[in-house]
Amino acid sequence: MVNITRAADLLEVGANGGGWVAPKGTASPGDPAIQPVAPWLPLGAISDDGLVQGFEEDSQSFTPWGYTAPIRTTITSSLRTFGLTAWETGRDTVQALQYRLDVDDLTPTSGLTTFAETASPTPDRRAFWFVVLDGDNFQRGFYVPEGEITERSDVTHKQDEVAGYEWTITAYPDAAGNTVYHFDRVPATAEYTGS
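Here the structure is a predicted model, which means the values were calculated and not measured.

Student: Tell me about the packing of aromatic side chains, residues and numbers included.
Tutor: For the structure on display, the rule yields nine aromatic pairs. Look at Tyr 99 and Phe 115: their rings are 5.0 Å apart centre to centre, the planes differ by 50°, and that puts the pair in the tilted class. With Tyr 99 in the loop between helix H1 (92–98) and strand S5 (126–134) and Phe 115 in the loop between H1 and S5, the pair connects residues that are 16 residues apart, well separated along the chain. You can call Tyr 99 partly exposed: its relative accessible area is 24%. For Phe 115, a relative accessible area of 36% translates into the label partly exposed. Ring geometry for Tyr 165 versus Trp 167: centroids 6.4 Å apart, planes at 25°, classification stacked. Both residues of the pair, Tyr 165 and Trp 167, belong to the buried class. In this structure an aromatic cluster arises from ring pairing among Phe 82, Phe 128, Phe 130 and Phe 142. The ring centre of Tyr 172 lies 3.7 Å from the NZ or CZ of Arg 125, which sits over that ring.

What follows is the structure, encoded as structure tokens:
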């Protein structure tokens, strides 16, 4: 009889987590178990949809004459994204991201914050740090040294739901050519012994 190898502690349930933002190129916190400090600023509460790690790739296959299966495939596009809905729409960090502003632009005067949305937005790349937690056993960190919000969904203001800023953040290559750095504290995979 064949024994099926399974390990429950190697499953992840993204039960909790958070996100932080800093100026583009800010060094990574480096460990999902360590609290990020300035210049990292928190995004606050994220909706219960959690964090969506996106993979979008296109490829081109080459099939020679006389064959029905390709003999080579080349990746022509490889995009990494992160999706989330920020619920704390009153947090200055979150407003700054939504409207492509500096946090300092949101300093209130006599309790009133004012700003205008430009008709000609410019690129707004920043560094992002995301942490996914499954108790103390499973901790995963994603560092995006150059990311930008490339999609913003409509915002609904109504009595029976929380207003939120739903974003897709695209990861761009840094000077080393990398888009996302991974920092994981996960249980070790047991050595396979054939059983």
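Read on, since the account is not over.
Student: For the environment of Glu 56, give the residues involved together with the corresponding values.
Tutor: Relative to the elements of secondary structure, Glu 56 occurs in strand S3 (residues 52–62). Classification of Glu 56 by relative accessible area gives partly exposed; the value is 48%. With residues near it in sequence (within four places) discarded, Glu 56 still touches Ser 77, Ser 78, Leu 79 and Arg 80.

Student: Tell me about unusual backbone geometry, residues and numbers included.
Tutor: Along the chain, Ala 38 connects to Pro 39 via a cis peptide bond; the corresponding omega equals 15°. By secondary structure assignment, the location of Pro 39 is in the loop between strand S1 (16–23) and strand S2 (41–42). The phi torsion at Arg 100 lies on the positive side, around 55°, for a residue other than glycine. Looking at the element boundaries, Arg 100 is found in the loop between H1 and S5. Although it is not a glycine, Ser 110 adopts a positive phi angle of roughly 55°. Following the sequence through the fold, Ser 110 ends up in the loop between H1 and S5.

Student: I'd like a rundown of the environment of Arg 125, residues and numbers included.
Tutor: Summarising the element assignment, Arg 125 is placed in the loop between H1 and S5. As a C-alpha pair, Arg 125 and Gln 159 span 34 residues in sequence and 34 Å in three-dimensional space. When residues no more than four places from it in sequence are discounted, the contact partners of Arg 125 are Lys 24, Glu 146, Gly 147, Glu 148 and Tyr 172. A polar contact of 3.3 Å, which involves the side chain of Arg 125, links it to the side chain of Glu 146.

The rules we used
Residues numbered from 1 in each chain as written. Predicted model: local features only at pLDDT ≥ 70, side-chain atom pairs only at ≥ 80, totals over all residues. Heavy atoms only, no water. Phe/Tyr/Trp six-rings, centres within 6.5 Å; stacked < 30°, edge-to-face > 60°. Helix = DSSP H or I, 4+ residues; strand = E, 2+ residues; numbered from the N terminus. Buried < 20%, exposed > 50% of the residue type's maximum accessible area, 1.4 Å probe, protein only. Lys NZ or Arg CZ within 6 Å of the ring centre and 35° of its normal. Contact = heavy atoms within 4.5 Å. Polar contact = N/O pair within 3.5 Å; in protein donor to acceptor, adjacent residues only side chain to side chain.

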